[in-house]
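# Structure assessment
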Amino acid sequence: MAHKLPPLRFGYDALEPSIDAETMELHHDKHHTAYVDNLNKALEPYPQLAELAVEDLLRRLDQVPDAIRTAVRNNAGGHVNHQLFWDILGPPADRSPKGAIGDALKRDFGSFEHFQALFTDAATTHFGAGWAFLVMSAPRQRLEIVSLPNQDSVLEHGTPGLLCCDVWEHAYYLKYRNRRADYLNAWWKVVAWDVVDERLRDAMVGPSAR
Ligand SMILES: [Fe+2]
């Protein structure tokens, strides 16, 4: 069964002014679509692999044939990373992390503000295209910040992603040009912490939950 592009949960303009509608439309309808299409194309000669969930493909990347491993890493990674990115965003609101995620951030980083500073630093200083993630590390079940290049996925490392920020230029260049730090500052205002909290609870249930 071919992989499909999930629709956005909100309109292209819902994240204004943090993320502009034109960027959202291009990012979702062109960039994310291309990862899904290219993944399906790479899997065409391998019907058994095409049946696997995209997350399982990434967890078992070492078992993917050499001929398509790079294409799967880039395009399954691009698909999963963008799904997570859209999931954890929502219209601007006066939100802050509460519940389990609020407690865990305080436990592992000292305070939300300290976590935010560390994550912002990881995202703004990441060289070139890539992502910053908040993950649940295994087996200690502690929160950690990691940055990965290109479309690499945290699932390859067995760590469920709870939050991610896309720092490819396509995510911000139309509005912010080369000012990645300004994009980060605005991006925090559209993080849907209730979704991040839900993802943390799922990750605590089991490593295969996400
Ligand atoms: Fe992107």
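Residues numbered from 1 in each chain as written. Predicted model: local features only at pLDDT ≥ 70, side-chain atom pairs only at ≥ 80, totals over all residues. Heavy atoms only, no water.

### Concerning the pattern of salt bridges
This is how the line gets drawn: Between Lys or Arg on one side and Asp or Glu on the other, a salt bridge is scored when a side-chain nitrogen of the former is within 4 Å of a carboxyl oxygen of the latter. Labels follow the DSSP assignment, with helices taken as runs of H or I lasting at least four residues and strands as runs of E lasting at least two, numbered in each case from the N terminus. With a 1.4 Å probe rolled over the protein chains alone, any residue whose accessible area is under 20% of its type maximum counts as buried; one over 50% counts as exposed, and the rest are partly exposed.
What the rule picks out here adds up to 8 salt bridges. Linking Arg 142 and Asp 108 is a salt bridge whose minimum nitrogen-to-oxygen distance equals 2.8 Å. Of this pair, Arg 142 sits in strand β2 (residues 142–149) while Asp 108 sits in helix α5 (residues 99–109), and the two are 34 residues apart along the sequence. A relative accessible area of 31% places Arg 142 in the partly exposed class. For Asp 197, the salt bridge is made with Arg 201, and the minimal N-O distance between the two is 2.9 Å. In this pair, Asp 197 and Arg 201 both sit in helix α9 (residues 193–205), 4 residues apart, roughly one turn of the helix.

### Some details on the environment of Val 135
Test applied: The criterion used for residue contact is that any of the two residues' heavy atoms lie within 4.5 Å.
Note that Val 135 resides in strand β1 (residues 130–137). The spatial distance from the C-alpha of Val 135 to the C-alpha of Val 146 is 7.4 Å, given a sequence separation of 11 residues. What Val 135 contacts, discounting residues up to four positions off in sequence, is Arg 142, Leu 143, Glu 144, Val 146, Val 154, Thr 159, Pro 160, Gly 161 and Leu 162.

### Re the coordination of the iron ion
Counted only if it meets this: Counted as donors are N, O and S atoms no farther than 2.8 Å from the metal, or 3.2 Å for Na, K and Ca; water is not among the atoms, and sites may therefore look incomplete. Here the metal geometry follows the donor angles, with tetrahedral for four donors whose angles all fall between 85 and 135 degrees, square planar for four and octahedral for six when opposite donors are more than 155 degrees apart and every other angle is between 65 and 115, and irregular for all the rest.
Protein coordination of the iron ion is provided by His 27 (NE2), His 82 (NE2), Asp 166 (OD) and His 170 (NE2), with donor distances spanning 1.9 to 2.1 Å. The coordination sphere of the iron ion comprises 4 donor atoms, whose angles at the metal cover 91 to 132°; the geometry is tetrahedral. Each donor residue of the iron ion lies on one chain, and together they are spaced H-x54-H-x83-D-x3-H. A residue pair is termed long-range when its members are at least 10 positions apart, and His 27 in helix α1 (residues 21–43) and Asp 166 in strand β3 (residues 161–166) qualify at 139 residues. Asp 166 matches His 27 in its accessibility class, with the two residues each being buried.

### Some details on the pairing of β2
The condition is simple: One bridge is not enough; two strands pair if DSSP finds at least two bridges between them.
For β1 and β2, the ladder comprises 8 bridges, and the chain directions are antiparallel. Across the sheet, the residue bridging to Leu 134 is Ile 145, located in β2. A loop of 4 residues connects β1 with β2, the two strands running antiparallel in sequence, and Gln 141 in this loop sits at a positive phi of about 55°.

### Some remarks on unusual backbone geometry
With an omega dihedral of 0°, the bond running from Glu 16 to Pro 17 counts as a cis peptide bond. One non-glycine residue, Asn 150, adopts positive backbone phi at about 55°. Here Asn 150 is to be found in the loop between β2 and β3. The partly exposed category is assigned to Asn 150, whose relative accessible area is 40%. Unusually for a residue other than glycine, Arg 177 sits at a positive phi of about 55°. If you trace the backbone, Arg 177 turns up in the loop between α7 (173–176) and α8 (180–187).

### Here's the deal with the packing of aromatic side chains
Applied cut-off: The criterion for an aromatic pair is that two Phe, Tyr or Trp rings (for Trp, the six-membered ring) have centres within 6.5 Å, with stacked assigned to planes under 30 degrees apart, edge-to-face to planes over 60 apart and tilted to the rest.
For the coordinates displayed, the defined rule picks out 16 aromatic pairs. Consider the rings of Phe 112 and Trp 188, whose centres lie 6.4 Å apart with planes at 90°: the pair is edge-to-face. Within this pair, whereas Phe 112 is found in helix α6 (residues 112–125), its partner Trp 188 is found in the loop between α8 and α9, the two being separated by 76 residues in sequence. For the ring pair Phe 119 and Trp 188, a centre distance of 5.4 Å and an interplane angle of 65° mean the geometry is edge-to-face. A residue pair is termed long-range when its members are at least 10 positions apart, and Phe 119 in helix α6 and Trp 188 in the loop between α8 and α9 qualify at 69 residues. When sorted by exposure, Phe 119 lands in the same class as Trp 188, which is buried.

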